[in-house]
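Here is how the chains run, residue by residue.
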Amino acid sequence: MTARLLEGKVFAAQLKEQAKADALQLKAKTGVTPGLAVIIVGDNPASQVYVANKHKACEELGIYSEVIRMSEHTSKSQLLAQIEQLNLRKDIHGILLQLPLPDALKADEAEFLYAISPDKDVDGFHPVNVGRLSIGQEYLVPCTPYGCIRMLELAGIPLEGSRAVIVGRSNIVGKPMAQLLLARNATVTICHSRTKNLSEVTKEADILIVAIGKAKFLTADMVKPGAVVIDVGINRLPDRKLVGDVDFETVKEVAGAITPVPGGVGLLTIAVLLQNAVTAARALQKR
Ligand code: GUN
């Protein structure tokens, strides 16, 4: 292996320390304990694990956490009423609606996400926060792309003037990732399923971020020697093994630095979520 291994646990620990210090400082100054509510509808097994991890991390950091479990038969109006109730609560500063929703509610997903007050939108999915990011005001930023940026910064990887290529144009990762890199003066290209001659574009990247949800999609011949490769994918193979969107075994021989899966940027997502909860609490108590 020639690439530097960018291990998530090292950077996640640093981000959590910061969030913990900020939460303590807020409590000392104002008496406010940041409060995060996570709504989970139905019993998706992966979501149950994510939600349990978030709850545990909140406890470690001194953040109040409440998990609201709703049945898979919950109606649209019941879910909207639950969100509204949390919008009004003074002790809750962050609200996260765990995705995916059960099939019967999927069509209204955007309506639910936009019902969350932008002041409590710790996922950064509300159009107000998307708009803020697009004009360079980083406030509540989507957790996964912000985790990637913080990892690059903490690892000392220069972004200014770099050529960054993102594979994947989702609202949750690809698009906010582009805004974050642009704000740090990278030259950014977003590729997607209709991009022609994809490997010609990816080979120009100094920083290559892959978020498309296809196991081992990015292979060594698509990477410039020495590039920094960030793998946002998590895919389960038929043998139950977890792998990213990057073919780690071959790409690690070409790249200058690479994140593993599991154990890579995924670990930073929760740390950013908790930091967002503290940020929201700080702003709300000033009102
Ligand atoms: N499900 C998987 N990842 C996420 C996330 O980042 N936010 C929400 N709300 N649900 C998710």
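Residues numbered from 1 in each chain as written. Predicted model: local features only at pLDDT ≥ 70, side-chain atom pairs only at ≥ 80, totals over all residues. Heavy atoms only, no water.

(A) Quick peek at the nonpolar core. Among the nonpolar cores identified, the biggest contains 50 residues, and Leu 6, Leu 181 and Ile 230 are the most heavily contacted of them. With eight residues, helix H11 (residues 266-285) is the single largest residue contributor to this core. Setting aside chain neighbours within four positions, we find Ile 230 in contact with Leu 6, Cys 148, Met 151, Leu 152, Leu 208, Ile 209, Val 210, Thr 259 and Val 265. Grouped together as the second largest cluster of nonpolar side chains are 18 residues, Leu 198, Ala 205, Val 251 and Ile 258 included. (Core = buried A, V, L, I, M, F, W, Y, C linked by side-chain atoms within 4.5 Å. Buried < 20%, exposed > 50% of the residue type's maximum accessible area, 1.4 Å probe, protein only. Helix = DSSP H or I, 4+ residues; strand = E, 2+ residues; numbered from the N terminus. Contact = heavy atoms within 4.5 Å.)

(B) Local environment of unusual backbone geometry. Between Leu 99 and Pro 100 the backbone carries a cis peptide bond, its omega angle lying at 0°. Its place among the elements puts Pro 100 in the loop between strand S4 (94-97) and helix H4 (103-106). Despite not being glycine, Asn 185 has its phi angle at roughly 65°, a positive value. Classification of Asn 185 by relative accessible area gives partly exposed; the value is 45%. Phi is positive for Arg 240, which is not a glycine, with a value near 80°. Here Arg 240 lies in the loop between strand S9 (235-236) and strand S10 (242-243). The exposure class of Arg 240 is exposed, given its relative accessible area of 58%.

(C) Layout of helix H1 (residues 8-30). Under the 1.5 Å per step criterion, the end-to-end length of H1 is 32 Å for 23 residues, consistent within 8% with the ideal 33 Å. Of all the residues in H1, the buried ones are Gly 8, Phe 11, Ala 12, Leu 15, Ala 19, Asp 22, Ala 23 and Leu 26. Of the surrounding secondary structure, the elements contacted by the buried residues of H1 are helix H2 (45-61), helix H7 (143-154) and H11. Of the residues one or two after H1, Gly 31 is the one with positive phi, at around 80°. (Expected span 1.5 Å × (residues − 1).)

(D) Representation of the pairing of strand S5 (residues 163-167) in the model. Counting buried residues in S5 gives four out of five residues, a clear majority hidden from the surface. For the handedness criterion, the β-α-β arrangement of S5, helix H8 (residues 174-183) and strand S6 (residues 187-191) is classed as right-handed. Bridge analysis of S5 against strand S7 (residues 207-210) gives four bridges, and the strand direction is parallel. In the sheet register, Ile 166 faces S7, and the bridge partner there is Ile 209. (Right-handed = clockwise from strand over helix to strand, strands pointing away. Pairing = 2+ DSSP bridges.)

These results come straight from atomic positions and should not be treated as a statement about function.
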